[in-house]
Amino acid sequence: MIEKIYEKALGGGLICLSEACALIDGDLEGVMGYARRLRDRFTGKTVKTCAIVNARSGHCSEDCVFCAQSSHYGTKAPVFPFIDIAEIEKAAKRVKELGVERFSIVSSGLSPTPEEFLKIKQAVSLVSSIGLQTDISVGCLSYEQLKELKKAGLDSYHHNLETSRSFFPEICTTHSYDDDVNAVKEALRAGIDVCSGGIFGIGENWEHRYELAVLLRELGVQSVPINFLNPVAGTPKEGTDVLLEEEAMRIIAVYRFILPDRTLRVCGGRNAVFKADSAMKIFSAGASGMMVGDYLTVKGTDIFEDMDFIHRKLD
Ligand code: SF4
């Protein structure tokens, strides 16, 4: 059965929900083995890497239930306005020296102010001139703004859909799912690669996960971040159990079957879910990229350890 589903994915077919269910119920090692074969066939064994700088933290008007930066909850996450360009430059140069290929400027909020947009534009051209793939995650932007940033050197635009349309009202009430979908569509329309994925372990079920993966495939996003909930004190998700390693690896493997030719990038929550050998485990499940270094409000894995892993070949 798994082999037949593998053949379908290999031939470019979209697996249906009942086939996804067979992968969810199937032997994990077997499912991951085929997921690795799809990864190797479509994206090769090269590990894509990215790192971020937190350019503006906290005070977000939105109420995403998992987020430490929402002003609706009392968390201990840092709060600061948009940082100086010199700080972004310093962070980008360090990332470049370590051999990381993509660098993302990340700021909280639904969309930047005109002053912040000018800083973002300056920062994009600076990061691009350092020789890094330049990415931003700064909320919703207009088509005109996206075009301006593309001209300034922007390579990719990150904007997570977070979860499926049907589950979204459970995790956010301050903006609509279509706001996020339209943000992704506008970036694609502006000719910019899009990095968009979700967060898992927030109470969603497998149908929601399938629904999200299919939408990301249909939209044509090139890179799909997979985040796992790391429950933050003060948010509605405080005290939630983190996903078990096996469940997290199965999510990666099933996503590889639905999105065989995309970069599956494991980002936030990696070291909350995986206690050891996280890089080895996510790649054995079929991932093809990961975020290295610190996350927005939480310390990440050791960047040197990650880069050392990346310089070895995947098996
Ligand atoms: S996920 Fe983004 S939009 Fe939602 S609360 Fe956090 S910073 Fe705001």
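One can find the structure itself at the top, above this paragraph.
We now turn to the structure provided with this report. Keep in mind that what you see is a predicted model, and the values were worked out from it rather than measured.

## With respect to helix α3 (residues 28-42)
Phase 1: Its 15 residues give α3 an end-to-end C-alpha distance of 21 Å, which sits within 8% of 21 Å, the value for a rise of 1.5 Å per residue.
Phase 2: For α3, the complete set of buried residues consists of L28, V31, M32, G33, Y34, A35, L38 and R39.
Phase 3: Packing partners of the buried residues in α3 comprise α1 (2-10), α2 (17-25), α9 (245-258) and α11 (278-284).
Phase 4: Phi turns positive, to about 75 degrees, at G44, one or two residues after α3.

## Concerning the pattern of salt bridges
Phase 1: Enumeration according to the criterion identifies twelve salt bridges in this entry.
Phase 2: Among the salt bridges present, the one from E116 reaches R56, with a minimum N-O distance of 3.0 Å. Of this pair, E116 sits in helix α5 (residues 114-130) while R56 sits in strand β1 (residues 48-56), and the two are 60 residues apart along the sequence. Neither residue differs from the other here; E116 and R56 are each classed as buried.
Phase 3: Between K93 and E89 there is a salt bridge, with its nearest N and O atoms 3.2 Å apart. One end of the pair is K93 and the other is E89, both in helix α4 (residues 85-97) and four residues apart, which spans about a single turn.

Parameters and conventions
Residues numbered from 1 in each chain as written. Predicted model: local features only at pLDDT ≥ 70, side-chain atom pairs only at ≥ 80, totals over all residues. Heavy atoms only, no water. Helix = DSSP H or I, 4+ residues; strand = E, 2+ residues; numbered from the N terminus. Expected span 1.5 Å × (residues − 1). Buried < 20%, exposed > 50% of the residue type's maximum accessible area, 1.4 Å probe, protein only. Contact = heavy atoms within 4.5 Å. Salt bridge = Lys/Arg side-chain N within 4 Å of Asp/Glu carboxyl O.

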